[in-house]
Amino acid sequence: MAQGTVIRVAPARPTRAVCVLGTSTQLDVCGSAPAGCTSVSISASPGVVVDVTHSPPAKKTPSSCSKWPLGPELEVTLSMKTASRSTDDQKVQISYYGPKTQPVQALLYLTGVEISLLADVTRTGKVKHFRSSKHQGSWTWGRRGHGAILLVNCDRDNPTSSGMDCEDEEVSSSKDLQDMSLVTLSTTTPRDFFAKHQLVLHVAKSEMDKVRVFQATRSKLPSKYKVVLGPQQPCHRLTPPGGRHSMDFYVEGLAFPDGNFPGLISLAISLLDSSNPDIPEALIFQDSVTFRVAPWIMTPNTQPPQEVYVCSIFENEGFVKSVATLAKKARCKMTVCAEEDNMSDQWMQDEMEIGYIQAPHKTLPVVFDSPRDRGLKDFPIKRIMGPDFGYVTRESQTGGISGLDAFGNLEVSPPVTVGDKEYPLGRILFGNSCYPSLESQEMHQTLQDFLAAQQVQAPVRLYSDWLYVGHVDEFLSFVPAADRKGFRLLLASPRSCYRLFQELQQEGHGDALLFQGVKKKKQHKIKDILSNAVLREQNSYVEKCIDWNREVLRRELGLAEGDILDIPQLFQLVGNSGGARKAEAFFPNMVNMLVLGKHLAIPKPFGPIINGRCCLEEKVRSLLEPLGLHCTFIDDFYSYHVRHGEVHCGTNVRRKPFAFKWWHMVP
């Protein structure tokens, strides 16, 4: 909020002051009142508005209606109607009265100026050229909220650059400017005003490494832009001419909200009195605009797909072809990462998560690069980041990166309502251990802090360290639905699988084989699976782990049982590199699917064939096709499943951003 100084007057000599349009300036008429005076009257030029209040209201007589009793209860404020054409062109006369003294007068000469720091505080996508809003120095959430929004300029509009646009001090093109937020400084003053006054644009030292401000120069076209604020540059002195003038500034964010940065940045303007070179400058007026850096937002499976990513590796041609066919049906683009770029690292989901950032004037897809750094480590920054495609990553300064830091362990729910609390952008889901120990794995705190700091998709912590890989996409997924909440949560379910196999055995299909048609793979009869006490005990343990997560998801996402579908799946316990026994899918894990609108790419389970059809596929179809979904089962057995992953692990999707604007919510 704009703030001016107190004006103090004295009868000994005239006082001169500056009054900024749009502000009310306090006038102290009591501090220098002559001895013996008990009341005061005030008159002013037509361009000055005088507001006098007395608490409690003073008793007046008709003969003294313009006089006010002096005392601490008297408050006088001044404001200007228009900017002055010349210095001191407005006058205020203060007259003091006493029962035993002659009237004494004090004169105040005022210069009215307009100084407005303008930004898109109403979030319409345009800067409205009116005087500074009284709310622009604060930032509030909600549909009636106010405050400007800033994008981290994390794309690469300059094709010759190797880094993000925010890493250099240049404006490479008009496209680069579009990633920034416009701020206009508008001034109207007498012609000679800045001979004795100074304007300073500034940002807090604690925020100067989070923002960079360019000033547009009004020289010959094309316009040039110089850095005036940013790292190691907390302030900049401006030299505007007198009269009516405006300066444009372009502001880019340099850092996302994080554990040590709430995302708020204030850009301020200060007016200083520099009329006497022998004494320091005095602060006359200050105004500011508060920005919130736009959060990085994930998109759930229920958002329409726009682009699919998959790796080409040795002997996965059939897999890539199947995904391409489905992408074509879903009418979305497909990008294949060549083997020379992925270095035989096929786990596209683990390497990155594609979300977006948004301001009223611009929406930008942004890839979040995981810290796992395997063969695909250069793909996000070298192949994904580019013009209008941003990049962000978080790296541990202390090491300790684990498998849970890969982004197969990072999902987001569709929009939900939990009690009275709405989550219009859904909630982030990630897996951790159930309790810390020397052997347990957890998502690194650096990642957890970043995700929580975005605020708009409040994270939910799940239990996933019981799995061999440890990722939440091994036991859950979401698919769109036209009814209920607009989606279904899919959970892997050993209980559902055993129930199906028991029904089939009772119908006389106990000799039907699992893995029929898979070369060099031992086949298992339904009756042998059901009689395997060790396998059943292991799956009982897995069911308990999934049930724990089921209750967390029901509570944190506000789900009923009707919102959840159980996908038949068996697991087995195997030893990991540390000797601990962890769960992995016994047959291809169908919940680890690729969702492209109504088209689902599901790992082919190679279940027992009953009446010419895979019983597991038929069961899944019976659950999902009534929702209007189309199931395609893809053979990923040797290219992904035996390497501890499935279809979802080997693909990634850029999806359409939410229509809902994040600033309309209240976290």
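The rules behind these values
- The residue numbering used here restarts from 1 in each chain and proceeds along that chain's sequence as written.
- With the structure being a predicted model, the display of local features is reserved for residues of pLDDT at least 70 and the display and counting of side-chain atom pairs for 80 or more, all residues being used for whole-chain, interface and lining totals.
- For side-chain calculations, the full set of non-hydrogen atoms in the structure is used, while hydrogens and water are omitted.
- A score between 0 and 100, pLDDT records how confident the predictor is in each residue.
- We call two residues in contact when some of their heavy atoms are within 4.5 Å.
- By convention a nonpolar core is built from buried Ala, Val, Leu, Ile, Met, Phe, Trp, Tyr and Cys residues, the set being connected through side-chain atoms within 4.5 Å.
- The classification of residues rests on relative accessible area computed with a 1.4 Å probe and restricted to protein chains. Under 20% of the type maximum is buried, over 50% is exposed, and intermediate values are partly exposed.
- Should a side-chain nitrogen of Lys or Arg be within 4 Å of a carboxyl oxygen of Asp or Glu, the pair is scored as a salt bridge.
- To qualify as a helix, a DSSP run of H or I must reach at least 4 residues; to qualify as a strand, a run of E must reach at least 2; elements of each kind are numbered from the N terminus.
- Pairs were defined over the aromatic rings of Phe, Tyr and Trp, the Trp ring being its six-membered one, requiring ring centres within 6.5 Å. Orientation was assigned from the angle between planes: stacked under 30 degrees, edge-to-face over 60, tilted for the rest.
- Look at NZ for Lys and CZ for Arg. If either is within 6 Å of the ring centre and within 35 degrees of the ring normal, a charge sits over the ring.
- One requirement defines pairing of two strands: DSSP has to find at least two bridges between them.
- For every element, the axis is a line fit to its C-alpha atoms; helices are fit only across the contacting stretch, and the angle between N-to-C directions ranges from 0 to 180 degrees.

Asker: Sorry if this is basic, but what is going on with the confidence of the model for the protein here?
Answerer: Atomic detail in the predicted coordinates should be set aside for any region of low pLDDT. Residues of the protein with pLDDT of at least 70 account for 97%, and the chain-wide mean is 94. The low-confidence segment residues 60–64 (pLDDT under 50) makes three contacts with residues lying over four places distant or belonging to another chain.

Asker: Honestly, the nonpolar core in this entry has me stumped. Any pointers?
Answerer: Nonpolar side chains in soluble globular proteins tend to end up buried together. Formed by 86 residues in total, the largest nonpolar core has its most connected members in Leu 201 and Trp 662. Here Leu 201 is in contact with Leu 117, Val 213, Val 228, Leu 229, Pro 234, Cys 235, His 236, Leu 238, Phe 249, Leu 267, Ala 268 and Ile 269, once residues within four sequence places are set aside. Residues Tyr 423, Phe 487, Ala 512 and Val 591 belong to the second largest nonpolar core, which totals 67 residues.

Asker: Where do I start with the pattern of salt bridges in this structure?
Answerer: When charged atoms on two side chains of opposite charge get close, those side chains can pair. Applying the stated rule across the entire model yields 33 salt bridges. Lys 333 is paired through a salt bridge with Glu 307; the nearest N and O atoms lie 3.7 Å apart. With Lys 333 in strand S21 (residues 333–337) and Glu 307 in strand S20 (residues 305–311), this pair connects stretches of sequence that are 26 residues apart. A salt bridge links Arg 613 to Glu 618; the shortest N-O distance between them is 3.7 Å. Salt bridges here are not isolated pairs; linked through shared partners, they connect Arg 550, Glu 551, Arg 554, Glu 561 and Asp 566.

Asker: Would you explain the packing of aromatic side chains in this entry?
Answerer: One pass over the structure, following the stated rule, counts 21 aromatic pairs. Aromatic pair Phe 319 and Tyr 640: ring centres 4.2 Å apart, planes at 40 degrees, arrangement tilted. Of this pair, Phe 319 sits in helix H2 (residues 317–329) while Tyr 640 sits in the loop between strand S41 (630–634) and strand S42 (651–655); the two residues are 321 residues apart in sequence, bridging distant segments of the chain. Just as Phe 319 is buried, Tyr 640 falls in that class too. Chaining the aromatic ring pairs together yields one cluster made of Phe 256, Trp 296, Phe 368, Phe 407 and Phe 450. The ring centre of Trp 139 lies 4.1 Å from the NZ or CZ of Arg 123, which sits over that ring. It is Lys 521 that lies over the ring of Phe 515; its NZ or CZ is 4.9 Å from the centre.

Asker: Help me out: how do you make sense of unusual backbone geometry in this one?
Answerer: One can expect most non-glycine residues to show negative phi and most peptide bonds to be in trans. One non-glycine residue with positive phi stands out, namely Gln 455, at about 70 degrees. Examined against the element boundaries, Gln 455 turns out to sit in the loop between helix H6 (445–453) and strand S29 (460–463). Even without glycine at this site, His 644 takes up a positive phi of about 75 degrees. As for its position among the elements, His 644 is in the loop between S41 and S42.

Asker: It is not clear to me how the sheet that holds strand S22 (residues 352–359) should be interpreted in this structure. Could you clarify?
Answerer: Backbone-to-backbone hydrogen bonds join strands into a sheet, with any given pair of strands oriented parallel or antiparallel. Taken together, three strands build an open sheet; the order of strands is S22-S23-S24 and the sheet is mixed. This sheet does not close on itself; its edge strands, each paired only once, are S22 and strand S24 (390–393). Each adjacent strand pair in this sheet contributes to an overall mean axis angle of 30 degrees, direction not counted. By the bridge criterion, eight bridges tie S22 to strand S23 (residues 362–369) in an arrangement that is antiparallel. Bridging across to S23, Met 352 finds its partner in Asp 369.

Asker: How should I be thinking about the sheet that holds strand S2 (residues 7–8) in this particular structure?
Answerer: Taking strand neighbours across the sheet as the criterion, the four strands line up as S2-S4-S8-S6 in an open arrangement whose pairing is mixed. Only two strands of the sheet have a single neighbouring strand rather than two, namely S2 and strand S6 (48–54). As paired strands, S2 and strand S4 (residues 25–28) are joined by two bridges and run parallel to one another. If you follow Arg 8 over to S4, its bridge partner there is Asp 28.

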